[in-house]
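Fold and geometry: a report
One letter stands for each residue in the lines below.
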Amino acid sequence: MSAKEKMPASADRLATEAETVIVGGGIMGLGIAYELAKRGRSDIHVIEQEYLTSGASGRNGGGVRMQWSTELNIRLMQESIEICRNFASELGINVWLRQGGYLFLIRSQEELGRMEQTVALQNRCGVPTRILTPQEALRIVPELHPKGFVAACYNPRDGVVFPWPFLWGYAHAASELGVHIHTYTKVTAIEARGPHSFVVTTSKGAIRCERVINCAGAWSPAIAKLLGIELPNHPHRHEILATESLKPFLNPLVSVLSSGLYFSQSMRGEIVGGITVPDVDDGQVHLGSRLRFLEMMSAELLSVMPCLSQVRVLRQWAGPYDVSPDGLPILGEPDAVPGFYLACGFVGHGFMMAPVIARHYAELLCGGPRHPVFDRCRLSRFQNGTSEKEVMIIG
Ligand SMILES: Cc1cc2nc3c(=O)[nH]c(=O)nc-3n(C[C@H](O)[C@H](O)[C@H](O)COP(=O)(O)OP(=O)(O)OC[C@H]3O[C@@H](n4cnc5c(N)ncnc54)[C@H](O)[C@@H]3O)c2cc1C
């Protein structure tokens with residue numbers, strides 16, 4: 001079956017009653033919908049204001065990695081990459097997982113000291129990351145500027161996926177299991193009528209339901225606000241580009257944490273990469289492209305890989321990061337509104353985390369084991385000061 005045939009048609013009529021309403025048809029909403037339906041739950045409605053790849057999930061770089069600075073994230077990502085490896089056989093669609101590794105370039109001795117600690121932690125968790133000298137890194141990517149870094153970290157099991165088939169795969173499989181997916185349908189109001197009793201108003205009608213899951217990514221603070229809940233995450237524009245196609249030469253995704261640069265070569269040969277550029281951060285989602293990004297991106301990219309100086313950029317675009325204060329997601333039910341669940345705040349790594357978070361969220365909602373991520377990532381951590389910052393964040 002072709003990828004296009006995997007796209008489910010939008011469910012046309014909105015029901016008036018449901019068990020679960022999921023706001024947002026990105027990877028998180030679709031992943032949770034699929035995992036719930038797989039465990040036998042019915043009456044699930046996914047409400048998406050535009051089309052399925054319109055949010056961050058259709059605009060990202062597809063990087064998936066086990067290199068993190070907290071044990072929780074390392075272990076989650078070991079499991080998530082395992083799910084990615086089995087995605088095609090479980091959901092019948094190729095997501096083009098290529099495990100060419102992530103090569104993080106380190107630019108100072110101080111940064112090297114920090115990275116040695118994170119690599120030791122990764123090794124204790126069974127991730128085979130190594131610190132490399134510049135000469136060793138050049139054996140993996142000979143085109144790197146040899147003076148641009150003092151050391152590197154490399155895990156050959158990290159990789160890159162093609163994001164869209166993940167959404168199509170989850171959406172198609174969820175639809176087959178009875179999930180109703182409504183595209184071009186906007187949630188405009190949510191009323192809590194009591195514990196586990198909501199009325200969700202949309203541009204196509206209202207649904208009464210027992211449970212609402214906020215998977216609206218960078219729009220999640222606005223959705224929570226409909227119920228009077230203030231979330232600490234905020235949208236941040238993140239820009240990315242693709243060049244003309246080159247003969248395949250680059251295996252790993254290369255990143256410089258200190259500048260936020262990352263780039264990889266796609267299966268079509270394009271160099272796809274981005275960099276963090278300061279923005280206004282006024283609480284609104286901005287998706288316009290800027291010349292400033294191209295200037296910063298090309299300067300930093302050429303400092304790392306000068307041989308790309310003549311390569312033409314074909315396309316640039318932006319997507320919304322959903323930035324939480326400590327770089328970890330915000331999950332579970334806020335105490336004030338039983339039945340309203342959060343799955344947001346994933347910054348620039350929500351795509352790779354979605355498969356594992358969706359699985360554990362569905363287990364939790366179906367009365368199964370409660371994964372430690374739900375205690376660690378509660379909204380209340382920001383009030384009681386129990387948040388521990390993840391430092392290996394690109395962006
Ligand atoms: C340029 C870029 C590069 C990135 N690179 C990577 C990477 O390499 N690896 C990685 O893991 N992650 C990466 N990310 C982050 C990743 O894309 C996100 O964390 C992830 O896609 C978030 O998924 P989501 O489902 O939570 O949000 P989204 O995909 O944004 O989905 C939320 C959906 O909610 C919908 N919505 C909002 N409001 C409403 C409403 N009122 N009614 C109905 N629907 C609504 C939106 O239209 C949207 O489709 C990147 C992000 C960007 C922008």
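From a predicted model like this one, the values you see are computed outputs, not experimental measurements. (Residues numbered from 1 in each chain as written. Predicted model: local features only at pLDDT ≥ 70, side-chain atom pairs only at ≥ 80, totals over all residues. Heavy atoms only, no water.)

**Let's talk about the overall build of the protein chain**
In terms of helices and strands, the protein chain carries 10 helices and 18 strands. Relative to a compact globule of 395 residues, whose C-alpha radius of gyration would be 21 Å, the protein chain shows 21 Å and is just as compact. Here the protein chain holds 395 residues, and the buried ones make up 55% of them. Counting only contacts in the protein chain whose residues sit at least 6 apart along the sequence, the fraction spanning at least 24 positions is 73%. Entry remark: accessible area of the protein chain is about 16300 Å², with carbon and sulfur atoms responsible for 52%. Once the 37 positive and 38 negative side-chain charges of the protein chain are each reduced to a mean point, those two points are 3 Å apart. (Helix = DSSP H or I, 4+ residues; strand = E, 2+ residues; numbered from the N terminus. Rg over C-alpha atoms; globule rule 2.2 N^0.38 Å. Buried < 20%, exposed > 50% of the residue type's maximum accessible area, 1.4 Å probe, protein only. Contact = heavy atoms within 4.5 Å. Areas by Shrake-Rupley, 256 points an atom, 1.4 Å probe, with all protein chains shown as cover. Lys, Arg positive; Asp, Glu negative; His and termini not counted. Charge placed at Lys NZ, Arg CZ, Asp CG, Glu CD.)

**A few points about the pairing of strand S11 (residues 205-214)**
Of the pairings in the sheet, the one linking strand S1 (residues 17-23) to S11 comprises 6 bridges and is parallel in character. By the bridge assignment, Thr 20 is partnered in S11 with Arg 211. Linking strand S10 (residues 197-202) to S11, which pair antiparallel, is a turn of 2 residues. As paired strands, S11 and strand S18 (residues 340-344) are joined by 3 bridges and run parallel to one another. Residue pairing in the sheet places Val 212 in a bridge with Phe 340 of S18. (Pairing = 2+ DSSP bridges.)

**Observations regarding the packing of helix H1 (residues 27-38) against helix H8 (residues 350-365)**
Where H1 meets H8, the axes come as close as 8 Å, and the angle between the chain directions of the two elements is 35°. For the element pair H1 and H8, the recorded crossing hand is right-handed. Across the interface between the two elements, Ile 27, Met 28, Gly 31, Ile 32, Glu 35 and Leu 36 from H1 touch Gly 350, Phe 351, Ala 354, Ile 357, Ala 358, Arg 359, Tyr 361, Ala 362 and Leu 365 from H8. Considering only residue class, the contact of H1 with H8 consists of 11 nonpolar, 2 polar and 2 charged. (Axes fitted to C-alpha atoms, helices over the stretch in contact; angles between N-to-C directions. Left-handed = near helix turned anticlockwise from the far one by under 90°. Nonpolar A, V, L, I, M, F, W, Y, C, P; charged D, E, K, R; others polar.)

**Focus on the sheet that holds strand S13 (residues 253-256)**
Overall, mixed pairing links the 8 strands, which are arranged S5-S6-S4-S13-S14-S15-S12-S16 in an open sheet. Each edge of the sheet is formed by a strand with only one pairing partner; in this case those strands are strand S5 (130-132) and strand S16 (313-323). Recorded for the sheet is a direction-independent mean angle of 20° between the axes of neighbouring strands. Here 5 bridges tie strand S12 (residues 234-245) to strand S15 (residues 270-275), and the two strands are oriented antiparallel to one another.

**Some remarks on the packing of aromatic side chains**
Under the defined criterion, the tally for this structure stands at 9 aromatic pairs. Ring centres of Phe 87 and Phe 166 lie 4.4 Å apart, and the angle between their planes is 45°; on these two criteria the pair is classed as tilted. Residue Phe 87 is located in helix H2 (residues 71-91), and its partner Phe 166 is located in helix H5 (residues 163-176); the two are separated by 79 residues in the primary sequence. Both residues of the pair, Phe 87 and Phe 166, belong to the buried class. A ring pair is formed by Phe 162 and Trp 164, whose centres lie 5.7 Å apart and whose planes are at 35°; its orientation type is tilted. For Phe 162, a relative accessible area of 25% puts it in the partly exposed group. Between the NZ or CZ atom of Arg 65 and the centre of the ring of Trp 68, over which it lies, the distance is 3.7 Å. One cation-aromatic arrangement involves Arg 315 over Trp 317; the distance from NZ or CZ to the ring centre is 4.3 Å. (Phe/Tyr/Trp six-rings, centres within 6.5 Å; stacked < 30°, edge-to-face > 60°. Lys NZ or Arg CZ within 6 Å of the ring centre and 35° of its normal.)

**Structural notes on the nonpolar core**
Burial of nonpolar side chains together is a common tendency in soluble globular proteins. Ile 32, Phe 166, Leu 331, Ile 357 and Tyr 361 are the most contacted members of the largest nonpolar core, which has 82 residues in total. For this core, the leading source of residues is H8, giving 11 residues. In terms of domain composition, this core takes at least three residues from each of domain 1 (9-58 + 164-233 + 326-384) and domain 2 (100-158 + 236-320). Beyond its immediate stretch of four places on either side in the chain, Tyr 361 contacts Ile 32, Leu 331, Gly 332, Tyr 341, Leu 342, Ala 343 and Phe 374. (Core = buried A, V, L, I, M, F, W, Y, C linked by side-chain atoms within 4.5 Å. Domains from an automatic or database assignment.)

**Observations concerning the site of the ligand**
Around the ligand lies a shell of 38 residues, among which Glu 48, Ser 57, Gly 63, Val 187 and Met 352 are the nearest. With respect to the ligand, the side chain of Ser 57 contributes an N or O atom lying 2.5 Å from an oxygen atom. Among the elements of the structure, H1, S12, S16 and H8 are those that each provide at least two residues to the shell around the ligand. Counted by class, the shell around the ligand contains 17 nonpolar, 18 polar and 3 charged residues. Mapping the shell around the ligand onto the domain boundaries places at least three of its residues in each of domain 1 (9-58 + 164-233 + 326-384) and domain 2 (100-158 + 236-320). (Near = heavy atom within 4 Å. Polar contact = N/O pair within 3.5 Å; in protein donor to acceptor, adjacent residues only side chain to side chain.)

**Some details on the domain arrangement of the protein chain**
Along its sequence, the protein chain is carved into domain 1 (9-58 + 164-233 + 326-384) and domain 2 (100-158 + 236-320). The C-alpha centroid of domain 2 is placed 31 Å from the C-alpha centroid of domain 1.

**Regarding the pattern of salt bridges**
As enumerated under the stated definition, the model contains 23 salt bridges in all. Among the ionic pairs, Glu 17 bridges to Arg 208, the shortest N-O distance being 3.8 Å. Here Arg 208 lies in strand S11 and Glu 17 lies in strand S1, a separation of 191 residues in the sequence. Put simply, Arg 290 and Glu 239 hold a salt bridge, and the shortest N to O gap is 2.7 Å. (Salt bridge = Lys/Arg side-chain N within 4 Å of Asp/Glu carboxyl O.)

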